[in-house]
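# Understanding the architecture of this molecule
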Amino acid sequence: MRSLDLDALVRDRTKRIIVCCGSGGVGKTTLAAALALRGAELGRRTVVLTIDPARRLAQALGLEELDNTPHPVPGINGELHAMMLDMKSTLDDMVLAYAKPERAEEILTNPFYESISSSLAGTQEYMAREKLGQLAADTRWDVIVVDTPPSRSALDFLDAPRALAGFWDSRMARLLVAPARASGRGMLKAFSLSLTLVHKVLSKVVGAQLLKDAGAFMSAAESLFGGFQQRAERTYALLAADQTAFVVIAAPRAESMDEASYFADRLVRDDMPFAGFVVNRVVQDTVSELDAGASLRAAQVASSPVAAAALRLHAGVAKEATHQQVLIAELAAGHPDCSVATISGYNEAINDLDDLRGVFPELEPAPAK
Ligand SMILES: Nc1ncnc2c1ncn2[C@@H]1O[C@H](COP(=O)(O)OP(=O)(O)OP(=O)(O)O)[C@@H](O)[C@H]1O
Ligand SMILES: [Mg+2]
(Lines give C-alpha, C1' and ligand atoms only; values in the text may rest on other atoms or scores of the structure.)
(Ligands and ions follow the chains in the order given, each with its own letter.)
Protein backbone atom coordinates (compact mmCIF):
# COMPACT_ATOMS: atom_id res chain seq x y z
CA MET A 1 0.00 0.00 0.00
CA ARG A 2 1.36 3.42 -0.93
CA SER A 3 1.17 5.72 2.04
CA LEU A 4 0.06 9.30 1.71
CA ASP A 5 2.57 11.58 3.40
CA LEU A 6 0.54 14.51 4.72
CA ASP A 7 3.64 16.41 5.81
CA ALA A 8 5.10 16.17 2.32
CA LEU A 9 1.77 17.32 0.94
CA VAL A 10 1.59 20.53 2.96
CA ARG A 11 5.29 21.14 2.34
CA ASP A 12 5.11 20.65 -1.41
CA ARG A 13 5.80 24.05 -2.95
CA THR A 14 4.16 23.11 -6.22
CA LYS A 15 0.87 22.75 -4.34
CA ARG A 16 -1.01 25.82 -3.24
CA ILE A 17 -4.59 24.61 -2.80
CA ILE A 18 -5.49 21.58 -0.73
CA VAL A 19 -9.14 20.54 -0.94
CA CYS A 20 -10.52 18.31 1.81
CA CYS A 21 -13.55 16.49 0.52
CA GLY A 22 -15.62 13.46 1.34
CA SER A 23 -19.17 12.58 2.25
CA GLY A 24 -21.01 13.98 5.27
CA GLY A 25 -19.40 13.82 8.71
CA VAL A 26 -16.17 12.05 7.77
CA GLY A 27 -13.90 14.73 9.26
CA LYS A 28 -13.39 17.25 6.42
CA THR A 29 -13.54 20.32 8.63
CA THR A 30 -11.36 18.85 11.38
CA LEU A 31 -8.71 17.61 8.98
CA ALA A 32 -8.71 20.87 7.03
CA ALA A 33 -7.96 22.77 10.24
CA ALA A 34 -5.32 20.25 11.36
CA LEU A 35 -3.61 20.22 7.96
CA ALA A 36 -3.61 24.00 7.79
CA LEU A 37 -2.07 24.24 11.25
CA ARG A 38 0.57 21.78 10.19
CA GLY A 39 1.33 23.73 7.02
CA ALA A 40 1.66 26.97 8.98
CA GLU A 41 3.96 25.35 11.54
CA LEU A 42 6.10 24.00 8.75
CA GLY A 43 6.67 27.57 7.67
CA ARG A 44 4.12 28.26 4.95
CA ARG A 45 1.75 31.21 5.08
CA THR A 46 -1.51 29.35 5.34
CA VAL A 47 -5.19 30.18 5.29
CA VAL A 48 -7.96 27.70 6.03
CA LEU A 49 -11.44 28.21 4.64
CA THR A 50 -13.82 26.27 6.84
CA ILE A 51 -17.49 25.72 6.22
CA ASP A 52 -20.04 25.71 8.98
CA PRO A 53 -17.71 24.41 11.69
CA ALA A 54 -18.78 23.90 15.26
CA ARG A 55 -18.12 26.89 17.51
CA ARG A 56 -15.70 24.67 19.31
CA LEU A 57 -13.36 24.60 16.34
CA ALA A 58 -13.26 28.39 16.22
CA GLN A 59 -12.48 28.40 19.92
CA ALA A 60 -9.78 25.76 19.47
CA LEU A 61 -8.21 28.14 16.97
CA GLY A 62 -8.30 30.84 19.62
CA LEU A 63 -11.03 32.78 17.82
CA GLU A 64 -14.39 33.63 19.35
CA GLU A 65 -16.06 33.47 15.98
CA LEU A 66 -14.97 32.69 12.47
CA ASP A 67 -16.29 35.02 9.81
CA ASN A 68 -16.03 35.68 6.12
CA THR A 69 -12.56 37.23 6.28
CA PRO A 70 -9.30 35.53 7.28
CA HIS A 71 -8.28 36.16 10.91
CA PRO A 72 -4.83 35.40 12.30
CA VAL A 73 -4.75 32.43 14.64
CA PRO A 74 -2.81 33.40 17.75
CA GLY A 75 -0.24 31.31 19.57
CA ILE A 76 1.28 29.31 16.78
CA ASN A 77 4.73 28.98 15.48
CA GLY A 78 4.08 30.30 11.99
CA GLU A 79 1.39 32.12 10.11
CA LEU A 80 -2.11 30.72 10.04
CA HIS A 81 -5.32 32.53 9.18
CA ALA A 82 -8.76 31.00 9.53
CA MET A 83 -12.13 31.97 8.18
CA MET A 84 -15.59 30.57 7.77
CA LEU A 85 -17.62 30.83 4.61
CA ASP A 86 -20.56 33.18 4.93
CA MET A 87 -22.74 32.43 1.93
CA LYS A 88 -24.91 35.49 2.10
CA SER A 89 -22.14 38.07 2.25
CA THR A 90 -20.13 36.25 -0.42
CA LEU A 91 -23.16 36.39 -2.71
CA ASP A 92 -23.81 40.05 -1.83
CA ASP A 93 -20.21 40.86 -2.74
CA MET A 94 -20.63 39.11 -6.07
CA VAL A 95 -23.80 41.02 -6.89
CA LEU A 96 -22.02 44.25 -6.05
CA ALA A 97 -19.06 43.27 -8.18
CA TYR A 98 -21.00 42.16 -11.24
CA ALA A 99 -24.19 44.19 -11.43
CA LYS A 100 -24.48 47.86 -12.30
CA PRO A 101 -24.88 49.88 -9.10
CA GLU A 102 -28.58 50.66 -9.55
CA ARG A 103 -29.29 47.03 -10.49
CA ALA A 104 -27.29 45.78 -7.50
CA GLU A 105 -29.45 47.78 -5.14
CA GLU A 106 -32.59 46.38 -6.75
CA ILE A 107 -31.35 42.82 -6.43
CA LEU A 108 -30.10 43.09 -2.86
CA THR A 109 -33.33 44.62 -1.55
CA ASN A 110 -35.61 42.22 -3.40
CA PRO A 111 -37.41 39.94 -0.92
CA PHE A 112 -36.98 37.01 -3.27
CA TYR A 113 -33.21 37.42 -3.20
CA GLU A 114 -32.83 36.22 0.36
CA SER A 115 -34.84 33.05 -0.13
CA ILE A 116 -33.32 32.17 -3.46
CA SER A 117 -29.80 32.76 -2.21
CA SER A 118 -30.18 30.32 0.66
CA SER A 119 -32.57 27.73 -0.71
CA LEU A 120 -31.19 26.84 -4.12
CA ALA A 121 -29.25 23.60 -4.12
CA GLY A 122 -25.61 24.19 -4.87
CA THR A 123 -25.42 27.74 -3.51
CA GLN A 124 -23.04 26.75 -0.73
CA GLU A 125 -20.74 24.90 -3.11
CA TYR A 126 -20.87 27.79 -5.54
CA MET A 127 -19.98 30.34 -2.87
CA ALA A 128 -17.22 28.15 -1.42
CA ARG A 129 -15.60 27.99 -4.84
CA GLU A 130 -16.09 31.70 -5.34
CA LYS A 131 -14.32 32.37 -2.02
CA LEU A 132 -11.55 29.98 -2.98
CA GLY A 133 -11.11 31.92 -6.21
CA GLN A 134 -10.73 35.14 -4.23
CA LEU A 135 -8.22 33.61 -1.82
CA ALA A 136 -6.23 32.14 -4.70
CA ALA A 137 -5.93 35.59 -6.25
CA ASP A 138 -4.32 36.91 -3.06
CA THR A 139 -0.54 36.57 -3.07
CA ARG A 140 -0.44 36.62 0.74
CA TRP A 141 -1.10 32.88 0.85
CA ASP A 142 1.41 30.12 0.19
CA VAL A 143 -1.20 27.48 0.95
CA ILE A 144 -4.98 27.57 0.98
CA VAL A 145 -6.64 24.65 2.72
CA VAL A 146 -10.28 24.29 1.76
CA ASP A 147 -12.96 22.48 3.67
CA THR A 148 -15.98 21.51 1.57
CA PRO A 149 -19.68 21.86 2.43
CA PRO A 150 -21.49 19.09 4.33
CA SER A 151 -23.11 17.70 1.22
CA ARG A 152 -24.47 14.21 0.91
CA SER A 153 -22.04 13.58 -1.91
CA ALA A 154 -18.51 14.87 -2.40
CA LEU A 155 -19.31 15.19 -6.09
CA ASP A 156 -21.47 18.21 -5.34
CA PHE A 157 -18.40 20.36 -4.87
CA LEU A 158 -17.44 19.65 -8.47
CA ASP A 159 -20.84 19.64 -10.10
CA ALA A 160 -23.36 21.67 -8.14
CA PRO A 161 -22.01 25.15 -9.02
CA ARG A 162 -22.27 24.47 -12.73
CA ALA A 163 -25.77 23.12 -12.29
CA LEU A 164 -26.74 26.17 -10.25
CA ALA A 165 -25.32 28.54 -12.84
CA GLY A 166 -27.24 26.54 -15.44
CA PHE A 167 -30.45 27.11 -13.51
CA TRP A 168 -30.23 30.83 -14.13
CA ASP A 169 -30.34 30.08 -17.80
CA SER A 170 -33.10 27.52 -17.53
CA ARG A 171 -36.62 27.72 -18.87
CA MET A 172 -37.93 28.05 -15.34
CA ALA A 173 -35.87 31.18 -14.77
CA ARG A 174 -36.90 32.61 -18.12
CA LEU A 175 -40.50 31.88 -17.32
CA LEU A 176 -40.28 34.00 -14.20
CA VAL A 177 -38.71 36.87 -16.09
CA ALA A 178 -41.11 36.66 -19.01
CA PRO A 179 -43.97 38.90 -17.84
CA ALA A 180 -41.56 41.65 -16.83
CA ARG A 181 -40.08 41.49 -20.27
CA ALA A 182 -43.00 40.72 -22.53
CA SER A 183 -44.26 44.27 -22.43
CA GLY A 184 -40.89 45.82 -23.18
CA ARG A 185 -39.70 43.62 -25.98
CA GLY A 186 -42.00 42.69 -28.81
CA MET A 187 -42.27 39.00 -28.14
CA LEU A 188 -44.24 36.74 -30.43
CA LYS A 189 -47.87 37.12 -29.54
CA ALA A 190 -48.71 33.45 -29.27
CA PHE A 191 -45.63 32.78 -27.19
CA SER A 192 -46.29 35.53 -24.71
CA LEU A 193 -49.93 34.50 -24.51
CA SER A 194 -49.05 30.98 -23.44
CA LEU A 195 -46.48 32.34 -20.98
CA THR A 196 -49.10 34.61 -19.50
CA LEU A 197 -51.30 31.57 -18.98
CA VAL A 198 -48.52 29.64 -17.31
CA HIS A 199 -47.81 32.69 -15.24
CA LYS A 200 -51.42 32.83 -14.09
CA VAL A 201 -51.28 29.24 -12.96
CA LEU A 202 -47.97 29.81 -11.23
CA SER A 203 -49.23 32.82 -9.37
CA LYS A 204 -52.12 30.74 -8.04
CA VAL A 205 -49.69 28.14 -6.82
CA VAL A 206 -46.87 30.20 -5.37
CA GLY A 207 -48.68 33.44 -4.68
CA ALA A 208 -48.82 36.56 -6.78
CA GLN A 209 -46.52 38.70 -4.65
CA LEU A 210 -43.78 36.12 -4.44
CA LEU A 211 -43.98 35.58 -8.16
CA LYS A 212 -43.77 39.30 -8.80
CA ASP A 213 -40.71 39.55 -6.54
CA ALA A 214 -39.20 36.58 -8.29
CA GLY A 215 -39.82 38.03 -11.71
CA ALA A 216 -38.34 41.37 -10.74
CA PHE A 217 -35.36 39.64 -9.17
CA MET A 218 -34.70 37.46 -12.17
CA SER A 219 -35.03 40.36 -14.50
CA ALA A 220 -32.63 42.46 -12.44
CA ALA A 221 -30.23 39.56 -12.05
CA GLU A 222 -30.24 38.71 -15.71
CA SER A 223 -27.13 40.71 -16.38
CA LEU A 224 -25.38 38.47 -13.86
CA PHE A 225 -26.18 35.12 -15.41
CA GLY A 226 -23.28 35.19 -17.80
CA GLY A 227 -20.98 36.23 -14.98
CA PHE A 228 -22.11 33.40 -12.72
CA GLN A 229 -21.67 30.78 -15.40
CA GLN A 230 -18.23 32.03 -16.31
CA ARG A 231 -17.14 32.08 -12.67
CA ALA A 232 -18.29 28.52 -12.16
CA GLU A 233 -16.14 27.50 -15.12
CA ARG A 234 -13.17 29.50 -13.90
CA THR A 235 -13.26 28.10 -10.36
CA TYR A 236 -13.55 24.62 -11.84
CA ALA A 237 -10.39 25.28 -13.82
CA LEU A 238 -8.69 26.33 -10.58
CA LEU A 239 -9.62 22.99 -9.00
CA ALA A 240 -8.29 21.13 -12.00
CA ALA A 241 -4.95 22.98 -12.00
CA ASP A 242 -1.64 21.34 -11.04
CA GLN A 243 -1.26 23.62 -8.03
CA THR A 244 -4.30 21.94 -6.44
CA ALA A 245 -4.42 18.69 -4.47
CA PHE A 246 -7.58 16.82 -3.56
CA VAL A 247 -7.57 14.81 -0.38
CA VAL A 248 -10.51 12.43 -0.24
CA ILE A 249 -11.54 11.56 3.29
CA ALA A 250 -13.49 8.47 4.26
CA ALA A 251 -14.67 6.77 7.40
CA PRO A 252 -13.47 3.17 7.86
CA ARG A 253 -16.84 1.78 6.80
CA ALA A 254 -17.69 0.00 3.59
CA GLU A 255 -20.21 2.51 2.24
CA SER A 256 -18.03 5.50 3.07
CA MET A 257 -15.04 3.88 1.36
CA ASP A 258 -17.17 3.05 -1.68
CA GLU A 259 -18.17 6.67 -1.97
CA ALA A 260 -14.59 7.88 -1.57
CA SER A 261 -13.51 5.38 -4.16
CA TYR A 262 -16.18 6.55 -6.59
CA PHE A 263 -15.20 10.17 -6.07
CA ALA A 264 -11.50 9.42 -6.57
CA ASP A 265 -12.30 7.58 -9.81
CA ARG A 266 -14.14 10.63 -11.03
CA LEU A 267 -11.16 12.87 -10.18
CA VAL A 268 -8.74 10.58 -11.97
CA ARG A 269 -11.02 10.20 -14.99
CA ASP A 270 -11.34 13.98 -15.29
CA ASP A 271 -7.60 14.42 -14.91
CA MET A 272 -8.04 16.34 -11.65
CA PRO A 273 -5.13 16.46 -9.16
CA PHE A 274 -6.00 13.66 -6.73
CA ALA A 275 -3.43 13.44 -3.89
CA GLY A 276 -4.80 10.42 -2.08
CA PHE A 277 -7.19 9.02 0.48
CA VAL A 278 -7.33 9.71 4.18
CA VAL A 279 -9.19 7.09 6.18
CA ASN A 280 -10.21 8.83 9.38
CA ARG A 281 -11.15 7.49 12.82
CA VAL A 282 -9.50 4.15 12.33
CA VAL A 283 -9.67 1.88 15.37
CA GLN A 284 -6.26 1.09 16.85
CA ASP A 285 -5.64 -2.35 18.20
CA THR A 286 -3.27 -1.61 21.05
CA VAL A 287 -2.73 -5.25 22.05
CA SER A 288 -2.23 -6.58 18.56
CA GLU A 289 -0.49 -9.77 19.72
CA LEU A 290 -3.86 -10.96 21.09
CA ASP A 291 -6.36 -11.39 18.25
CA ALA A 292 -10.14 -11.50 18.68
CA GLY A 293 -10.40 -15.30 18.80
CA ALA A 294 -7.61 -15.76 21.31
CA SER A 295 -9.03 -13.00 23.43
CA LEU A 296 -12.48 -14.62 23.55
CA ARG A 297 -10.97 -18.01 24.43
CA ALA A 298 -8.95 -16.38 27.20
CA ALA A 299 -12.10 -14.68 28.49
CA GLN A 300 -13.74 -18.09 29.00
CA VAL A 301 -11.00 -19.24 31.34
CA ALA A 302 -10.27 -15.85 32.93
CA SER A 303 -9.65 -15.84 36.66
CA SER A 304 -11.98 -12.93 37.43
CA PRO A 305 -15.12 -11.40 35.91
CA VAL A 306 -13.24 -8.12 35.43
CA ALA A 307 -10.51 -9.81 33.42
CA ALA A 308 -13.13 -11.66 31.38
CA ALA A 309 -14.97 -8.41 30.59
CA ALA A 310 -11.73 -6.68 29.60
CA LEU A 311 -10.80 -9.57 27.32
CA ARG A 312 -14.23 -9.56 25.69
CA LEU A 313 -13.98 -5.82 25.18
CA HIS A 314 -10.60 -6.25 23.60
CA ALA A 315 -11.97 -8.99 21.34
CA GLY A 316 -14.54 -6.50 20.00
CA VAL A 317 -11.90 -3.87 19.34
CA ALA A 318 -9.56 -6.39 17.71
CA LYS A 319 -12.34 -7.67 15.48
CA GLU A 320 -13.29 -4.17 14.37
CA ALA A 321 -9.65 -3.21 13.81
CA THR A 322 -9.10 -6.27 11.62
CA HIS A 323 -12.27 -5.55 9.68
CA GLN A 324 -11.17 -1.96 9.07
CA GLN A 325 -7.69 -3.05 7.95
CA VAL A 326 -9.32 -5.34 5.40
CA LEU A 327 -11.41 -2.44 4.08
CA ILE A 328 -8.34 -0.20 3.87
CA ALA A 329 -6.38 -2.90 2.04
CA GLU A 330 -9.27 -3.31 -0.40
CA LEU A 331 -9.40 0.43 -1.02
CA ALA A 332 -5.66 0.49 -1.70
CA ALA A 333 -5.85 -2.59 -3.94
CA GLY A 334 -8.63 -0.97 -5.96
CA HIS A 335 -6.42 2.07 -6.54
CA PRO A 336 -2.87 0.75 -6.84
CA ASP A 337 -1.56 4.09 -8.10
CA CYS A 338 -3.05 6.08 -5.23
CA SER A 339 -1.77 6.74 -1.73
CA VAL A 340 -3.62 6.22 1.51
CA ALA A 341 -3.12 7.78 4.95
CA THR A 342 -4.89 6.55 8.05
CA ILE A 343 -5.76 8.60 11.10
CA SER A 344 -6.84 7.03 14.33
CA GLY A 345 -9.83 8.15 16.28
CA TYR A 346 -9.15 10.42 19.22
CA ASN A 347 -11.21 10.20 22.37
CA GLU A 348 -11.41 13.80 23.48
CA ALA A 349 -13.11 16.69 21.75
CA ILE A 350 -10.88 19.28 20.09
CA ASN A 351 -10.63 22.23 22.46
CA ASP A 352 -7.33 23.85 21.66
CA LEU A 353 -4.41 23.93 19.27
CA ASP A 354 -2.67 21.03 20.97
CA ASP A 355 -5.73 18.85 20.42
CA LEU A 356 -5.66 19.87 16.77
CA ARG A 357 -1.96 18.97 16.56
CA GLY A 358 -2.88 15.65 18.14
CA VAL A 359 -4.95 14.71 15.08
CA PHE A 360 -1.62 13.63 13.53
CA PRO A 361 0.08 12.08 16.57
CA GLU A 362 2.68 10.24 14.51
CA LEU A 363 4.12 13.42 12.99
CA GLU A 364 7.25 14.92 14.49
CA PRO A 365 6.57 18.20 16.28
CA ALA A 366 7.18 21.07 13.89
CA PRO A 367 10.64 22.58 14.39
CA ALA A 368 10.67 25.73 16.52
CA LYS A 369 11.54 28.80 14.49
N1 LIG B 1 -9.98 11.31 14.12
C2 LIG B 1 -11.07 11.63 14.82
N3 LIG B 1 -11.30 11.07 16.02
C4 LIG B 1 -12.39 11.39 16.75
N5 LIG B 1 -13.33 12.24 16.36
C6 LIG B 1 -13.17 12.84 15.15
C7 LIG B 1 -12.04 12.57 14.32
N8 LIG B 1 -12.18 13.30 13.18
C9 LIG B 1 -13.33 13.99 13.31
N10 LIG B 1 -13.92 13.72 14.49
C11 LIG B 1 -15.17 14.28 15.01
O12 LIG B 1 -16.22 13.90 14.15
C13 LIG B 1 -17.17 14.94 14.02
C14 LIG B 1 -17.32 15.29 12.55
O15 LIG B 1 -16.10 15.84 12.09
P16 LIG B 1 -16.09 17.05 11.08
O17 LIG B 1 -17.04 18.09 11.50
O18 LIG B 1 -14.67 17.44 10.86
O19 LIG B 1 -16.66 16.29 9.80
P20 LIG B 1 -17.14 16.91 8.42
O21 LIG B 1 -16.79 15.95 7.37
O22 LIG B 1 -16.63 18.30 8.30
O23 LIG B 1 -18.71 16.94 8.64
P24 LIG B 1 -19.79 17.71 7.74
O25 LIG B 1 -19.97 16.85 6.50
O26 LIG B 1 -21.00 17.73 8.60
O27 LIG B 1 -19.22 19.05 7.44
C28 LIG B 1 -16.65 16.10 14.86
O29 LIG B 1 -17.29 16.06 16.10
C30 LIG B 1 -15.17 15.80 15.02
O31 LIG B 1 -14.63 16.31 16.22
MG1 LIG C 1 -17.66 20.10 7.98
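To be clear, the structure that these remarks concern was listed above.
My aim in this report is to walk through the structure given alongside it, one point at a time. As the structure is a prediction and not an experimental result, all values here were calculated from the model.

## Considerations on the overall build of the chain
Assigned secondary structure in the chain consists of 15 helices and 9 strands. Taking all 369 residues of the chain together, 39% fall into the buried category. Put simply, of all contacts in the chain between residues at least 6 apart along the chain, 74% involve residues at least 24 apart.

## Here's the deal with the pairing of strand S2 (residues 17–21)
Look at any regular strand and the pattern is simple: side chains alternate between the two faces of the sheet. For S2, the tally of buried residues reaches 5 of 5 residues, placing the bulk of the element in the interior. Sheet analysis places S2 next to strand S6 (residues 143–147), joined by 4 bridges and oriented parallel. Within the sheet, the bridge partner assigned to Ile 17 lies in S6 and is Ile 144. By the bridge criterion, 5 bridges tie S2 to strand S7 (residues 244–250) in an arrangement that is parallel. By the bridge assignment for S7, Ile 18 is matched with Ala 245.

## Let's talk about the pairing of S6
For S6, a buried count of 5 out of 5 residues is recorded, marking the element as mostly surrounded by other parts of the structure. The sheet contact formed by strand S3 (residues 46–50) and S6 spans 4 bridges and is parallel. Residue pairing across strands places Thr 46 opposite Val 143, the latter belonging to S6.

## Some points on the site of ligand 1
Close to ligand 1 lie 14 residues, the nearest being Gly 27, Lys 28, Thr 29, Thr 30 and Pro 150. Residue contributions to the shell around ligand 1 peak at 3 residues, all from helix H2 (residues 28–41).

## Some words on the sheet that holds S7
Spatially, S1-S9-S8-S7-S2-S6-S3-S5-S4 is the arrangement adopted by the 9 strands of the open sheet, whose pairing is mixed. This sheet does not close on itself; its edge strands, each paired only once, are strand S1 (2–3) and strand S4 (71–72). Relative to strand S9 (residues 339–344), strand S8 (residues 274–282) runs parallel, the two being bridged by 5 bridges. In the strand pairing of S9, Val 279 is matched with Thr 342.

## Considerations on the environment of Ala 366
Tracing the sequence through the fold places Ala 366 in the segment after helix H15 (353–357). Distance in space between the C-alpha atoms of Ala 366 and Gly 78 is 9.9 Å, their sequence separation being 288 residues. If we skip the residues at most four places from it in the chain, Ala 366 touches Glu 41, Leu 42 and Asn 77.

## Some details on the packing of helix H13 (residues 292–300) against helix H14 (residues 305–334)
Running from amino to carboxyl end, H13 crosses H14 at an angle of 165°, the nearest separation of the two axes being 8 Å. It follows from the interaxial angle that H13 and H14 lie roughly antiparallel. At the point where H13 passes H14, the crossing takes the left-handed sense. From H13, Ala 292, Ser 295, Leu 296, Ala 298 and Ala 299 reach across to H14, where they touch Ala 308, Leu 311, Arg 312, His 314, Ala 315, Ala 318, Lys 319 and Thr 322.

## As for helix H12 (residues 254–269)
In a regular helix each residue adds 1.5 Å, so 16 residues correspond to 22 Å; H12 covers 22 Å between its end C-alpha atoms and thus fits that length. Within H12 the residues assigned to the buried category are Ser 256, Met 257, Glu 259, Ala 260, Phe 263, Ala 264 and Leu 267. The arc enclosing the buried residues of H12, seen along the axis, measures out at 160°, which places them on a common side. Turned more than 90 degrees from where H12 packs its buried face, Glu 255 and Arg 269 sit exposed. Two residues or fewer past H12, Asp 271 is found with a positive phi of approximately 60°.

## Examining the packing of H12 against H14
It is the contact of H12 with H14, at a shortest axis distance of 11 Å, that shows an interaxial angle of 15°. Classified by the angle their axes make, H12 and H14 are roughly parallel. Considering only the axes of H12 and H14, their crossing is right-handed. Listed contacts from H14 to Ala 254, Met 257 and Ser 261 of H12 are Leu 327, Leu 331 and Gly 334. Considering only residue class, the contact of H12 with H14 consists of 4 nonpolar, 2 polar and no charged.

## What to know about the nonpolar core
Of all hydrophobic cores here, the largest spans 85 residues; its most connected members are Ile 18, Cys 20, Val 145, Val 146, Val 247, Val 248 and Phe 277. Among the elements that line this core, the one with the most residues is H2, at 8 residues. Each residue touching Phe 277, except ones within four places of it in the same chain, is listed here: Leu 4, Val 248, Ala 250, Ala 260, Ala 264, Leu 331, Cys 338 and Val 340.

## Quick notes on unusual backbone geometry
Even without being a glycine, Asp 271 presents a positive backbone phi close to 60°. Assessed through the 8 C-beta atoms surrounding it within 10 Å, Asp 271 is described here as exposed. For Arg 281, which is not glycine, the phi torsion reads 65° and is therefore positive. Examined against the element boundaries, Arg 281 turns out to sit in strand S8. Judged by local crowding, Arg 281 falls into the partly exposed class, with 19 C-beta atoms found within 10 Å.

Criteria and thresholds
- Residues numbered from 1 in each chain as written.
- Chains lettered and ligands numbered in written order.
- Predicted model: local features only at pLDDT ≥ 70, side-chain atom pairs only at ≥ 80, totals over all residues.
- Helix = DSSP H or I, 4+ residues; strand = E, 2+ residues; numbered from the N terminus.
- Buried ≥ 20, exposed ≤ 12 C-beta atoms within 10 Å, placed from the backbone.
- Contact = placed C-beta atoms within 7 Å.
- Pairing = 2+ DSSP bridges.
- Near = placed C-beta within 6 Å.
- Axes fitted to C-alpha atoms, helices over the stretch in contact; angles between N-to-C directions.
- Parallel < 35°, antiparallel > 145°, perpendicular 65-115°, else oblique.
- Left-handed = near helix turned anticlockwise from the far one by under 90°.
- Expected span 1.5 Å × (residues − 1).
- Arc of directions from axis to C-beta.
- Nonpolar A, V, L, I, M, F, W, Y, C, P; charged D, E, K, R; others polar.
- Core = buried A, V, L, I, M, F, W, Y, C linked by C-beta atoms within 7 Å.

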